[in-house]
Amino acid sequence: MAPLTLADLRRHAVARSLFTPVTLPQAIARLGFVQADPIRAPARAQDLTLRHRVKGYRAGDLERRYAALKVEEDFFVNYGFVTPELHALMHPRSALREWPAERWAEAEAVWHFVHARGEAHPREVDDHFAHGHTTNGFGGRSKASTQLLDAMHYRGLLRVARREGGIRLYAAHQPQTPPDDVPATLDRLVDVLVMKYAPLPQPGLRQLVAMLQHAVPQWKGQLRPALQRAMQRLPHAEVDGVRWFWPAGEDPASRRWKTEDRVRLLAPFDPVVWDRDRFERLWGWAYRFEAYTPPAKRVRGYYAMPLLWRDEVIGWGNLSVADGRLQARLGYVGAAPPSGKDFQRALDAELAAIADCLGVSWA
């Protein structure tokens, strides 16, 4: 049996994540977690991620259909959208900072207010309770009611019912019963991560398991044993001196993993490119998200999207919409884009697909 190679891992990483497009509920169920980000350049990260994996997806479909979908807004390793099954695995969640009795009394009063109304806008809560203002994590002033609602949502006392103009409207959520078997629950959470981000080099697996401290802070002390169990039970192999892991039942060297003659512009948080260390190991160059980098220090652009051609990430694109038309500025790791008509046709098709998703024109 031939040894596993980086070429096998690249093909595996691309083909297993960029599956044949399905319905929106099916895609969410398959991904388990869709990372959210508010930046629109040219659309939000959740839309740019889902458009590759959902038939006929249009920007904003997730938010428009949220209330009717089996999905929850919540914090996993980042903030985003999770399946009800994943949501249940993380709750009841107790934050690292304990609330004093008076804070619990405020939360209980708000919970009963929201429960009686069915759903509530933060403004309604603030008008009713007049909690005043407080200092936020950025040193500015925020409404105390908003901070309390955020904290109650994080603890699982409230859920996001829907959004109105981008503002979260909350509904009461019944507290859940703690699991009987915490190690088994942690193993299931790790499996969600591996299913989404595999194949994972050992540093990436270690990083993701450590990030579960934000999802389940109540079990922070049990994450190291969970990592050790994962490294023992998951299939793995060493490639170029690094141990790689993937889900049980998969073979990265299998011929089932086939890539298409397609160009794809990927969101910076797309599972194919999310792990920057893995990215550099697979494609041989460093990609960084530069939206929060000072303009003078940016190398590739404010919201440079990795450009995938077949199973190689060969460059990046900065996209915007002006006067109802999609604009694209592309850059390449090499001196020039691939020669030949196949690449140009595939690139044109991808830009046309993005324009269609956004509801704007192209070319």
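Summary of the structure given here. (Residues numbered from 1 in each chain as written. Predicted model: local features only at pLDDT ≥ 70, side-chain atom pairs only at ≥ 80, totals over all residues. Heavy atoms only, no water.)

## Quick word on the pattern of salt bridges
1) Next: Applying the stated criterion across every chain yields a total of 25 salt bridges.
2) Next: One salt bridge connects Asp-356 with Arg-58, and the closest N-O pair in it is separated by 3.0 Å. Note that Asp-356 is positioned in helix 13 (residues 341–358) and Arg-58 in the loop between helix 3 (45–50) and helix 4 (61–65), a separation of 298 residues in sequence.
3) Next: Between Glu-280 and Arg-288 there is a salt bridge; the shortest N-O distance is 3.9 Å.
4) Next: Residue classification places Arg-288 among the partly exposed positions, given a relative accessible area of 44%.
5) Next: A network of salt bridges, in which partner residues are shared, links Arg-44, Asp-47 and Glu-63. (Salt bridge = Lys/Arg side-chain N within 4 Å of Asp/Glu carboxyl O. Helix = DSSP H or I, 4+ residues; strand = E, 2+ residues; numbered from the N terminus. Buried < 20%, exposed > 50% of the residue type's maximum accessible area, 1.4 Å probe, protein only.)

## Remarks on unusual backbone geometry
1) Next: A cis geometry characterises the amide bond from Ala-41 onward to Pro-42, with omega recorded as 10°.
2) Next: Checked against the element boundaries, Pro-42 lands in the loop between strand 1 (33–35) and helix 3.
3) Next: We note that Arg-310 has phi near 60°; this positive angle belongs to a residue other than glycine.
4) Next: Residue placement: Arg-310 occurs in the loop between strand 12 (305–309) and strand 13 (312–322).
5) Next: Phi at Asp-323 is positive, roughly 55°, even though this residue is not glycine.
6) Next: As for its position among the elements, Asp-323 is in the loop between strand 13 and strand 14 (325–332).

## Things to note about the packing of aromatic side chains
What describes a pair of aromatic rings is the distance from one ring centre to the other and the angle between the planes of the rings.
1) Next: Following the criterion strictly, the structure yields 15 aromatic pairs and no others.
2) Next: With a centroid separation of 5.4 Å and 70° between ring planes, the pair formed by Phe-33 and Phe-76 is classed as edge-to-face. Placement of the pair is Phe-33 in strand 1 and Phe-76 in the loop between strand 2 (72–75) and strand 3 (79–82), with a sequence separation of 43 residues.
3) Next: Look at Phe-33 and you get buried, because its relative accessible area is 1%. (Phe/Tyr/Trp six-rings, centres within 6.5 Å; stacked < 30°, edge-to-face > 60°.)

## Side note on the side chain of Arg-155
1) Next: Topologically, Arg-155 is positioned in the loop between helix 8 (144–154) and strand 6 (158–164).
2) Next: Buried charge without a partner: Arg-155 forms no salt bridge, and the closest opposite charge is Glu-98, 6.7 Å away.
3) Next: Apart from residues lying up to four places away in sequence, Arg-155 is in contact with His-91, Arg-93, Ala-95, Arg-97 and Trp-99. (Lys, Arg positive; Asp, Glu negative; His and termini not counted. Contact = heavy atoms within 4.5 Å.)

None of this, on its own, says anything about what the molecule does.
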